[in-house]
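So the chains spell out like this:
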There are 2 protein chains.
Amino acid sequence: MNMPDNNERNRPIGIFDSGVGGLTVMAEVIRHLPNEDIVYFGDVGRCPYGGLSKETIIQFARQDIRFLLEHNVKYIIAACNSVSAVALDTVKKEFDIDILGVISPGAKAATDYTKNRRVGVIGTVATIGSNSYGNEIQRLNNDIKLFSLACPLFVPLAEEGYLDKEATRLIAHDYLKTLIDVDIDTLVLGCTHYPLLKNVIARVMGNNVKLVDSA
Amino acid sequence: MNMPDNNERNRPIGIFDSGVGGLTVMAEVIRHLPNEDIVYFGDVGRCPYGGLSKETIIQFARQDIRFLLEHNVKYIIAACNSVSAVALDTVKKEFDIDILGVISPGAKAATDYTKNRRVGVIGTVATIGSNSYGNEIQRLNNDIKLFSLACPLFVPLAEEGYLDKEATRLIAHDYLKTLIDVDIDTLVLGCTHYPLLKNVIARVMGNNVKLVDSA
């Protein structure tokens, strides 16, 4: 085993996700911090997390964090919305290292963009059930009205490569029709898989709704 | 804690599944053995198992079995095709109790039914990747030609209640078209969720294909 390198600057940033969705977050980190080393852990053997119970997601997040700590990371990004939404507060207290989530940046972008102060959020059952986006957006701007919706089939559809197919459009329309009716101007794609379905979602929501992703 | 009841007859049968799909198996057990007590464990907090790695499925199966053993069961039925397919051999060696799977009954029913000795099997990635149905069917009848196919979206569609919708029909047609072309007369629904989609699957496959489920 190598001796730990205590020079903070030279230590890598740790990023983890339930699978490969967090690679979109990693791409953004590299774009902003091109000189940093990164250790990425994608838990593809247990992906996806979004339909799991809160207790299971916290348990898996602990294991992912311990894995990254073995690689001497200087801080950790939970690049999974479900983890950020339901496990972040718990694991932050348990580990002596900074752990960042992806809820705050997405909430900030939506708050900055909306003109009519009507924002939609879609995500996994875990993320939507936690109301993390709602809490964060309302903390930033108490005037914003939030409409949130779980879309459990979007992750399996994205994983199966059903990105731009008629079946996906029908399912997206079923899910999103309630959001079309409430006149939002901004929709947060609150899951790292959803940008893969951006074309279908944009077509269903129409040109007047800005899509904001967490990467 | 109660003292264990060592009278085998009075002890319950243990059944477990990744979720509620195995309740179809439990219904059949009750029909055949109406006087038996049953302890059913559905791991809904971590459902579904079918896309997980073999190692993870084995680990979860061990935990499910330990839970049932705490309830003093006399034998155990793994009512999940993915567990039966990839974990059964391993856990049978590890535990000092009879553990039955659902592969053999489905394979037997298909072998009995087929006239043209051309059988299809659909299931999760774990089940199909293991070739457990293929091995069992070929053990029963070496002349049968098997066509197997993973249908990863069927479990999430069934769980979301997309049982008889146009999107489901489109996806089923995408998956099953290769099986239509190879002239099978029997199709094993190798996952406890799939009977929920039986209408759609039957419509896509046509009247000449008998559907066999594992319950």
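In this text the structure is predicted, and so the values were computed from the model without any measurement. In every chain, residue numbers begin from 1 and rise along the written sequence. Chain A is the first chain written and ligand 1 is the first ligand written, with later ones labelled in order. Residues qualify for local features only when their pLDDT is at least 70, as the model is predicted, and side-chain atom pairs are given and counted only at 80 or more; totals for whole chains, interfaces and linings, by contrast, use all residues. Computation of side-chain values covers all heavy atoms of the structure but excludes hydrogens and water.

S.K.: Help me understand the pairing of strand 2 (residues 38-42) of chain B in this model?
M.R.: All names here are of chain B. On strand 2, burial follows the alternation: Val39 and Phe41 on one face are buried, whereas Ile38, Tyr40 and Gly42 on the facing-out side are not. By definition, two strands form a pair when at least two bridges between them are found by DSSP. Starting at the N terminus, helices and strands are each numbered in turn, a helix being any DSSP run of H or I of at least four residues and a strand any DSSP run of E of at least two. One ladder, built from five bridges, connects strand 1 (residues 13-17) with strand 2; its direction is parallel. From the neighbouring strand, aspartate 17 faces strand 2, where its bridge partner is glycine 42. Viewed along the sheet, the connection from strand 1 through helix 1 (residues 23-32) into strand 2 turns out right-handed. Here's how the labels work: a residue is buried when its accessible area is under 20% of the maximum for its type, exposed when over 50%, partly exposed in between, all with a 1.4 Å probe on protein chains only. A clockwise path from the first strand over the helix to the second, with the strands pointing away from the viewer, defines a right-handed crossover.

S.K.: Would you explain the interface of chain B and chain A in this entry?
M.R.: By convention, interface size is frequently given as the accessible area that disappears when the constituent parts associate. Residues count as neighbours in contact if any of their non-hydrogen atoms are within 4.5 Å of one another. On the chain A side, the residues contacting the 20 residues of chain B number 20 residues. Considering only the surface of chain B that becomes buried against chain A, Leu153(B), Glu160(B) and Tyr162(B) emerge as the three largest contributors, covering 28% of it. By definition here, a salt bridge exists when the distance from a side-chain nitrogen of Lys or Arg to a carboxyl oxygen of Asp or Glu is within 4 Å. Linking chain B with chain A are two salt bridges. A salt bridge links Lys165(B) to Asp174(A), with the shortest nitrogen-to-oxygen separation between them at 3.4 Å. Elements that contribute at least two residues to the side of chain B that touches chain A include exactly helix 2 (54-69), helix 8 (154-159) and helix 9 (166-180) of chain B. Here the element with the most residues in the side of chain B that touches chain A is helix 9 of chain B; it accounts for six residues. Under the convention adopted here, Pro, Cys and the residues Ala, Val, Leu, Ile, Met, Phe, Trp and Tyr are nonpolar, Asp, Glu, Lys and Arg are charged, and Gly plus all remaining residues are polar. The class makeup of the residues in the side of chain B that touches chain A is twelve nonpolar, three polar and five charged. By buried area we mean the combined loss of accessible area, with a 1.4 Å probe, across both parts when two parts are placed together.

S.K.: Can you walk me through the domain arrangement of chain A in this structure?
M.R.: Residues and elements named next belong to chain A. For every domain, the bounds stem from an assignment made automatically or drawn from a database. Domain boundaries in chain A define domain 1 (8-100) and domain 2 (103-213). Contacts between the two partners involve 16 residues from domain 1 and, on the opposite side, 14 residues from domain 2. Each partner contributes to the roughly 990 Å² buried at the junction of domain 1 and domain 2, and carbon and sulfur atoms together form 59% of this total. Ranking the residues of domain 1 by area buried against domain 2 places Gly50, Asn81 and Ala85 at the top, with a combined share of 45%. One can count zero salt bridges joining domain 1 with domain 2. The term polar contact refers here to a pair of N or O atoms within 3.5 Å; inside protein, the definition further demands a hydrogen-donor-capable atom paired with an acceptor-capable atom, and it admits residues adjacent in sequence only when both atoms are side-chain atoms. Joining domain 1 to domain 2, the criterion identifies five residue pairs in polar contact (both at pLDDT 80 or more). Put simply, the parts of the chain that give the side of domain 1 that touches domain 2 at least two residues each are helix 1 (23-32) and helix 3 (81-86). Within the side of domain 1 that touches domain 2, the residues separate by chemical class into eight nonpolar, seven polar and one charged.

S.K.: I tried to follow the packing of helix 5 (residues 103-113) of chain A against helix 7 (residues 132-140) of chain A on my own but got confused; where do I start?
M.R.: Helix packing for two helices is described by the angle between their axes and how far apart those axes are. Residue and element names in this part refer to chain A. Working convention: axes come from line fits to C-alpha atoms, limited for helices to the stretch in contact. Angles between N-to-C directions cover 0 to 180 degrees. At a minimum axis separation of 9 Å, helix 5 and helix 7 run at an interaxial angle of 50 degrees. The angle between helix 5 and helix 7 places the two elements in the oblique class. With respect to the hand of their crossing, helix 5 and helix 7 are arranged in right-handed fashion. Taking contact as the criterion, the partners of Ile103, Ser104, Gly106, Ala107, Lys108, Ala110 and Thr111 in helix 5 are, on helix 7, Ser132, Tyr133, Glu136, Ile137 and Leu140. Residues of the contact of helix 5 with helix 7, tallied by class, amount to six nonpolar, four polar and two charged. When an angle is under 35 degrees it counts as roughly parallel; over 145 it counts as roughly antiparallel; between 65 and 115 it counts as roughly perpendicular; any other value is oblique. The crossing is said to be left-handed when, going from far helix to near helix, the turn is anticlockwise and less than a right angle, and right-handed when the turn is clockwise.

S.K.: It is not clear to me how the sheet that holds strand 5 (residues 118-123) of chain A should be interpreted in this structure. Could you clarify?
M.R.: Within a sheet, neighbouring strands are paired by backbone hydrogen bonds and run either parallel or antiparallel to one another. All names here are of chain A. One open sheet holds the four strands; their spatial order is 6-5-7-8, and the pairing between them is parallel. Here the strands that pair on one side only, and so sit at the sheet edges, are strand 6 (145-150) and strand 8 (210-213). Adjacent strand axes in the sheet meet at a mean angle of 25 degrees, parallel and antiparallel pairs treated alike. Judged from the four bridges that link them, strand 7 (residues 186-189) and strand 8 form a sheet pairing that is parallel. What sits directly across from valine 188, in strand 8, is valine 212. Running over the sheet, helix 9 (residues 166-180) touches strand 5, strand 6 and strand 7 and is turned about 170 degrees from strand 6.

S.K.: Explanation requested: the sheet that holds strand 3 (residues 76-78) of chain B in the structure shown.
M.R.: All names here are of chain B. Pairing is parallel across the open sheet formed by four strands, whose spatial order is 2-1-3-4. Here the strands that pair on one side only, and so sit at the sheet edges, are strand 2 and strand 4 (99-100). Here strand 1 pairs with strand 3 via three bridges, running parallel. Bridge pairing in strand 3 places glycine 14 opposite isoleucine 76. Most of the contacts of helix 2 go to strand 1, to which it runs at about 150 degrees, and overall it touches strand 1, strand 2, strand 3 and strand 4.

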